[in-house]
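Now for the letters of each chain:
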Amino acid sequence: MKLLVTIALSLLCLIPASAKLVMKTVDYTDEKGTALQGYVVYDDATSGQRPGILVIHDWRGLTDTTKKRADMLAQLGYIAFAADIFGKGVRPQSVPEYQKQVAIYKGDRALYRERERAAYQAFLKQPLLDPTKMAAIGYCFGGTGVMEMAWDGLDLKGVVSFHGGLDAQPLSPGATIKPKVLALCGADDPYEKPEDMKAFEQQLKDNNVDYVIVYYGHAQHAFTDAGVDALNLPGAKYNVAADERSWHAMRGFFQEIFGK
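Residues numbered from 1 in each chain as written. Predicted model: local features only at pLDDT ≥ 70, side-chain atom pairs only at ≥ 80, totals over all residues. Heavy atoms only, no water.

## Points about the side chain of D43
And then number 1: With respect to the helices and strands, the residue D43 is situated in strand 2 (residues 35-43).
And then number 2: For the buried D43, no salt bridge exists, and the shortest N-O distance to an oppositely charged side chain is 4.4 Å, to R50.
And then number 3: A polar contact is formed between the side chain of D43 and the backbone nitrogen of A45, at a distance of 2.8 Å.
And then number 4: Beyond its immediate chain neighbours, meaning those up to four positions away, D43 contacts K20, L21, R50, A74 and G77. (Helix = DSSP H or I, 4+ residues; strand = E, 2+ residues; numbered from the N terminus. Buried < 20%, exposed > 50% of the residue type's maximum accessible area, 1.4 Å probe, protein only. Lys, Arg positive; Asp, Glu negative; His and termini not counted. Salt bridge = Lys/Arg side-chain N within 4 Å of Asp/Glu carboxyl O. Polar contact = N/O pair within 3.5 Å; in protein donor to acceptor, adjacent residues only side chain to side chain. Contact = heavy atoms within 4.5 Å.)

Structural data, given as C-alpha cells:
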C-alpha cells in the first residue's frame, strides 16, 4: 500500500494544478441482464479521446484497491474502466467467500468471458475513449481474466497479466488472439505451475502472438497486493520490488503499443 501511495503522489506532481480526476460509477448489464456496476476514471487535464485500459479485479471483487490502480492509470493519461465480474453488490469479505466466487468463473469460462464482454461493451460507450486504442490489465483472478478476453477474440491492443493463473484454454469459436501479451509472474509463485506455463507459452507461439513473459526473482503469488500478507496464505506475499518493477514494465508496454 505504501508503494501505491508513493507512486500515486509522484504522478500527481506531474499533473497541472487545474487537473483533477473525474470518477464515475457505471451501471451496466451482461447478456443475461445481470446487474453489474463498474468504475470509470479519467483526468480532465486534456480534452478529447484517449487510450483506454480495462482493469479486471482480483478474487475480492471490485474493491478500493482495484479502483486505486484505475486512478493511477488515469493519472498516466488513460481512461480506465474497472470491470465488475461478480455482479452489483457482490463483494466477498473473507477467504472462503473469495474462493467461492473464483470457483464460479474458473468453472464456467463462458460466463467469465460473458461478464468481460459486458464490461468491454460498457467501456465502448464512454465518449472520451478512443475505441481503436484499448488494452486490459488484471491481477490474480483478473490476470487470468485478461487472457480470457484474448481467447474470446476481443479487439484489444494488449493485455497485461499480473501474477495471473495462466494456462492454455480453448479460443471462442471463430476467435483469434489479437492483443500483444505481457505476463508478469513471480518466480516463486506456486500457483503458476510449470506445466501450465509451458502450455500457456506454447499456445501463444502456436497462435503467432507477440508476447513477453517476465519472472521476478523471489516473488510469490499476489506480489502486487500490499494487503495479502494479513491473510497468511501459503505461497502468497507482497513484494515491493516486484510491485514497482511490474508497474514500470506495464508502462513501457503501453508506451510501445499506444505511443504514450
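## Description of the pairing of strand 7 (residues 180-186)
And then number 1: Most of strand 7 is tucked away: six of the seven residues are buried.
And then number 2: Where strand 7 and strand 8 (residues 211-216) come together, six bridges link them in parallel fashion. Within strand 8, the position partnered with A183 by the bridge is I213.
And then number 3: Once you follow strand 7 into helix 6 (residues 194-206) and on to strand 8, the crossover reads as right-handed. (Pairing = 2+ DSSP bridges. Right-handed = clockwise from strand over helix to strand, strands pointing away.)

## Points about the confidence of the model for the chain
And then number 1: Counting all residues, the mean pLDDT for the chain is 93, and 92% of those residues have values of 70 or more.
And then number 2: Ignoring residues within four places in sequence, the model shows residues 11-18, a span with pLDDT below 50, making eight contacts including any to other chains. (pLDDT = per-residue confidence, 0-100.)

## Considerations on the packing of helix 4 (residues 109-124) against helix 5 (residues 141-151)
And then number 1: Look at helix 4 against helix 5: their axes get within 9 Å of each other, and the N-to-C directions meet at 85°. Judged by the inter-axis angle, helix 4 sits roughly perpendicular to helix 5. Residues R109, Y112, R113 and E116 of helix 4 pack against F141, G142, T144, G145, V146, E148, M149 and W151 of helix 5.
And then number 2: Each residue belonging to the contact of helix 4 with helix 5 can be placed in one class, and the counts come to five nonpolar, three polar and four charged. (Axes fitted to C-alpha atoms, helices over the stretch in contact; angles between N-to-C directions. Parallel < 35°, antiparallel > 145°, perpendicular 65-115°, else oblique. Nonpolar A, V, L, I, M, F, W, Y, C, P; charged D, E, K, R; others polar.)

## Details of the pairing of strand 6 (residues 158-162)
And then number 1: Among the five residues that make up strand 6, five are buried, leaving the element largely enclosed by the rest of the structure.
And then number 2: Across the two faces of strand 6 the burial is the same, with G158, V160 and F162 and V159 and S161 all buried.

## Describing the packing of aromatic side chains
And then number 1: Taken as a whole, this structure holds 14 aromatic pairs when the rule is applied.
And then number 2: Arranged with centres 6.2 Å apart and planes meeting at 65°, the rings of Y105 and F141 form a pair that is edge-to-face. Highlighted residues: Y105 in helix 3 (residues 95-106) and F141 in helix 5, separated in sequence by 36 residues. In this structure, Y105 and F141 share a single accessibility class: buried.
And then number 3: With 4.6 Å between their ring centres and 5° between their planes, Y112 and F141 make a pair best called stacked. Of this pair, Y112 sits in helix 4 while F141 sits in helix 5; the two residues are 29 residues apart in sequence, bridging distant segments of the chain. Across the pair, exposure class does not vary: Y112 and F141 are buried alike. (Phe/Tyr/Trp six-rings, centres within 6.5 Å; stacked < 30°, edge-to-face > 60°.)

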